[in-house]
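# Structural overview
The chain contents come next:
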Amino acid sequence: MAPFPDEVDVFTGPHWRMKQLVGRYCDKLSKTNFSNNNDFRALLQSLYETFKEFKMHEQIENECIIGLLQQRSRTVYNVHSDNKLSEMLILFERGLKNIKDEYEQLNYAQQLKERLEAFTSDFIPHMKEEEEVFQPMLMEYFTYDELKDIKKMVIAQHCS
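Residues numbered from 1 in each chain as written. Predicted model: local features only at pLDDT ≥ 70, side-chain atom pairs only at ≥ 80, totals over all residues. Heavy atoms only, no water.

- As recorded in an unreviewed UniProt entry, the protein chain goes by the name Hemerythrin-like domain-containing protein, listed as coming from Staurois parvus.

### Regarding the overall build of the protein chain
- A tally of regular secondary structure across the protein chain gives five helices and zero strands.
- For the protein chain, the succession of helices and strands along the chain, N to C, is α-α-α-α-α.
- Principal axes of the C-alpha set define a box for the protein chain whose edges measure 55 × 30 × 25 Å.
- Classification of the 160 residues of the protein chain by burial places 42% in the buried group.
- Partitioning the intrachain contacts of the protein chain with sequence separation of at least 6 by distance along the chain shows that 81% fall at a separation of at least 24.
- As displayed, the protein chain offers around 8,900 Å² of accessible surface, 51% of which is attributable to carbon and sulfur atoms. (Helix = DSSP H or I, 4+ residues; strand = E, 2+ residues; numbered from the N terminus. Buried < 20%, exposed > 50% of the residue type's maximum accessible area, 1.4 Å probe, protein only. Contact = heavy atoms within 4.5 Å. Areas by Shrake-Rupley, 256 points an atom, 1.4 Å probe, with all protein chains shown as cover.)

### A closer look at the packing of helix H1 (residues 12-31) against helix H4 (residues 102-141)
- One way to put it is that H1 packs onto H4 with a least axis distance of 11 Å and a crossing angle of 165 degrees. Here H4 runs roughly antiparallel to H1, going by the angle between their axes. For H1 against H4, the interelement crossing comes out left-handed. For the pair H1 and H4, contact is made by Thr 12, His 15, Met 18, Lys 19, Val 22, Tyr 25 and Leu 29 and by Leu 112, Lys 113, Leu 116, Phe 119, Thr 120, Phe 123, Ile 124, Met 127, Glu 130 and Glu 131, respectively.
- Split into classes, the residues belonging to the contact of H1 with H4 amount to ten nonpolar, three polar and four charged. (Axes fitted to C-alpha atoms, helices over the stretch in contact; angles between N-to-C directions. Parallel < 35°, antiparallel > 145°, perpendicular 65-115°, else oblique. Left-handed = near helix turned anticlockwise from the far one by under 90°. Nonpolar A, V, L, I, M, F, W, Y, C, P; charged D, E, K, R; others polar.)

As structure tokens, then:
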């Protein structure tokens, strides 16, 4: 259970989904046969879709949560400077478009694994920081009803 009342906890629900996606891509990565072109391409397409969802999630947080917090607290927080999502999307696009043979796939696979590991090791703590640092700040600067409205907006944006 989250340390804040569920109806005003703006991060835990969406972060549950993001963590679920991380688990899925880690599982797919471990099961992918990088010598098989179909497996390779299916993984990259799945990663591309997953990271588009991550990027949308971060944009929603920027607009619906962090932006409002900055206005209310009159402080600037630079926590969503893209989290390397654009770089990862470019990496997946490059793999889908430019990798032509098994040798290239296997070399790319090593780079892909390293980059995904680095991303994951940053992304999970990033979400934890939001839950532990920004949720208490939201509780300080917004009323209970305002937070309920923010949460509704965040969830609606994630569902669209």
